[in-house]
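# Close look at the chain arrangement
Spelled out from the first residue to the last, the chains are:
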Amino acid sequence: MAKTASGTKAKGSKAKGSKAERSKAERSKAERSRLERSAGVAAGGEDAPGRQDTAGKAGSPDGTGKKAAGAKVKGKSAGKIAVKAVKAGAKAGAIAAAEQAGRPATPGTAAPQEEDLAVATVRKVAMEGAETRSEHDLLGDAEVPADALWGIHTKRAVANFPITGVPVGHYPDFVRALALVKQAAARANHRLGYLPAGKAAIIDEACTLVATDPVYAESFVVDAIQGGAGTSTNMNVNEVIANVGLRLMGRAPGDYAALHPNDDVNMAQSTNDAYPTALRLAVIFATKPLVKALDDLAYAFKSKAVEFADVLKMGRTQLQDAVPMTLGQEFDGFHATIKEDVARLNEIVGLFREVNLGATAIGTGLNADPRYAALAVEELSRLAGQPMVLASNLIEATSDLGAFVLFSGTLKRVAVKLSKICNDLRLLSSGPRAGFGEIRLPAVQAGSSIMPGKVNPVIPEVVNQVAYMVIGHDLTVTLCAEGGQLQLNAFEPTIGYCVLSSLRMLSAAIDTLTKRCVEGIEADRERCRGLVQGSIGLVTALAPTLGYEASSRIARRALRENRTVVELVLEEGLLTEAQLNGLLELEAMTHPTRRQKAGTAG
């Protein structure tokens, strides 16, 4: 049993009031805490764009308890907490609204108002002389903040892995999935008679709070990339749920004799089945916003395809004039390729419905009732609202990460195609006078500090960069999956970091591309038609009538003499004006099956 500092333990050993009243009080306290934090530190909930929470990096690695990371603690003496934050007008309410929608808080097409903006923060929480409690593990004793929801295992992990500055709590879908796995396990263990009804009910309620209230994400302070195959994350969630449960019981955090992180919350589990199951479920959750973003982008491209259906332009191959097409056809191609990616994502994400929950350490199910695995997966399906299934071979499922390789490859496919589209948009909008200039992208900000009036294609550019990150993440996932050994892959945390980061960035980037770029694209109709009329590519439409040799001669003359194809054909008397008009009609050039037969025009 962990010791607690005097004065920090709540009075009384029993919770007061009904369960509903306790839950309401817990939520009220959490909300007050969140509002207090918003005064000095930007909210750390779901999808606050650009957030780089360094809470997981702060603290002393020597385990002395002089400094602790990622927790706000309350002291009554000279040891008041010093919170240093960089913040520029972030509004917690706007972020919370985006969190509830399950989407990143990206700005819309209109210039965002101040209350719609959430800015990145760099937070460091220092603790000197604050009230603490003492906890014990196999390495000895250590002090943790008295009211922290995490404990000694989390503290050691924070000190051991100051790697990215991105804590597990940065990924709300993962936090939710971890809580649901623990909730499903508690329900299964209670059904089997191993977990008493009282403890099961408290764990169940604590898991609901952690899964549904973003404020608890700030207690998941372990760095997302860590050694130990995710053990630090699993211990972090065990401690948080246990301490939330203890508060619900009217007890102080750290009073593990009443509710234990390992014996009760982690009952019949190992990191090696709880962590990968939660990660798979988190990917399912996080794929939904991406699919929605892709659908929205595809719709935006389709809308533009209809709007630009009558805009004649030159198609190009290898950056050289090819044959005429419509701008609508070009945008319809963008629509089609995006819809293909939606179909592939919906297909591949189904692989994550197969989980190894109940496998425990290596797949043999040691320390779990033989009936536990099926019951736990059944409960998880019910809680998550997803049709999860138990793997047929738990040993294989514990060591194999093939689903992540395939899924990451699909994300790379999305990124590559998206980047190609953005390259096209940048080319088509190049200019405005010295480039293609066929389309105009919305002007969203000044483009230069030295060239007045310059506007750059910054939205496609940022999407390009996100795509490059996703492509790099895919290589990392491949190497991590290959690096596994024997019955376990120790590199799953980095796989999770890469896949969840890719999902998050792609969703945000695609939303931004849709709202701040594609929806506002305009066509320069005259520019498009002028380029067609001046292009020697027109001669290709005449080749079936004039023949290849005559057409080549006309093309060479047009290029050499800087004259138009139409002018030279008429000059040489190869076709009448009426025949030319028929062959060069919009429908005839862009829909060959509807073209009039050669020589019948006029």
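To keep things clear, this report deals only with the structure shown in the data block. (Residues numbered from 1 in each chain as written. Predicted model: local features only at pLDDT ≥ 70, side-chain atom pairs only at ≥ 80, totals over all residues. Heavy atoms only, no water.)

## Thoughts on the overall build of the protein chain
When helices and strands are tallied, the protein chain shows 20 helices and 11 strands. Counting every position in the protein chain, which comprises 602 residues, the buried fraction comes to 52%. Considering only contacts in the protein chain between residues 6 or more positions apart, those separated by 24 or more positions represent 76%. Put simply, the protein chain shows about 26500 Å² of open surface, and 55% of that area lies on carbon and sulfur atoms. (Helix = DSSP H or I, 4+ residues; strand = E, 2+ residues; numbered from the N terminus. Buried < 20%, exposed > 50% of the residue type's maximum accessible area, 1.4 Å probe, protein only. Contact = heavy atoms within 4.5 Å. Areas by Shrake-Rupley, 256 points an atom, 1.4 Å probe, with all protein chains shown as cover.)

## Focus on the packing of aromatic side chains
The description of an aromatic ring pair rests on the distance of the ring centres and on the angle between the ring planes. If you walk through the whole model with that rule in mind, you get 8 aromatic pairs. Each residue in the set Phe301, Phe308, Phe331 and Phe334 is aromatic and connected to the rest through ring pairs, giving one cluster. Over the ring of Phe285 we find Arg176; its NZ or CZ atom is 3.8 Å from the centre of that ring. When the ring centre of Phe436 is taken as origin, the NZ or CZ atom of Arg316, which lies over that ring, is 4.1 Å away. (Phe/Tyr/Trp six-rings, centres within 6.5 Å; stacked < 30°, edge-to-face > 60°. Lys NZ or Arg CZ within 6 Å of the ring centre and 35° of its normal.)

## Things to note about helix H5 (residues 197-212)
Helix length check: H5, at 16 residues, gives a terminal C-alpha distance of 22 Å against a target of 22 Å (1.5 Å per residue), a fit within 8%. By the burial criterion, the buried members of H5 are Ala200, Ile202, Ile203, Asp204, Glu205, Ala206, Cys207, Leu209, Val210 and Ala211. (Expected span 1.5 Å × (residues − 1).)

## Considering the nonpolar core
Formed by 120 residues in total, the largest nonpolar core has its most connected members in Phe174, Phe331, Phe407 and Leu513. With 19 residues, the single largest contributor to this core is helix H8 (residues 271-307). Once residues lying within four places of it in the same chain are set aside, the contact partners of Leu513 are Leu297, Leu418, Cys422, Leu425, Ile459, Val463 and Val518. If you look at the next biggest cluster of nonpolar residues, it comprises 20 residues, including Ala558, Leu568, Leu583 and Leu584. (Core = buried A, V, L, I, M, F, W, Y, C linked by side-chain atoms within 4.5 Å.)

## Description of unusual backbone geometry
Geometrically, the link from Gly431 to Pro432 is a cis peptide bond, its omega value of 10 degrees lying close to zero. Within the secondary structure, Pro432 is located in the loop between helix H12 (402-428) and strand E10 (439-440). For Ala268, which is not glycine, the phi dihedral falls at a positive 65 degrees. Mapped onto the elements, Ala268 comes out in the loop between helix H7 (261-265) and H8. Residue Ala268 is classed as buried on the basis of its relative accessible area, which comes to 12%. Of note, the phi angle at Leu319 is positive, near 65 degrees, even though the residue is not glycine. Of note, Leu319 is situated in the loop between strand E6 (312-317) and strand E7 (320-326). For Leu319, a relative accessible area of 57% gives the class exposed.

## Re the pattern of salt bridges
Counted under the stated rule, the structure contains 37 salt bridges. Among the salt bridges present, the one from Arg371 reaches Asp369, with a minimum N-O distance of 3.0 Å. Classification of Asp369 by relative accessible area gives buried; the value is 14%. Across the pair Glu561 and Arg560 runs a salt bridge whose closest N-O atoms are separated by 3.8 Å. What makes Arg560 exposed here is its relative accessible area of 59%. Taken together, the shared-partner salt bridges in this structure form one network comprising Arg553, Arg557, Arg560, Glu561, Arg563, Glu567, Glu571 and Glu572. (Salt bridge = Lys/Arg side-chain N within 4 Å of Asp/Glu carboxyl O.)

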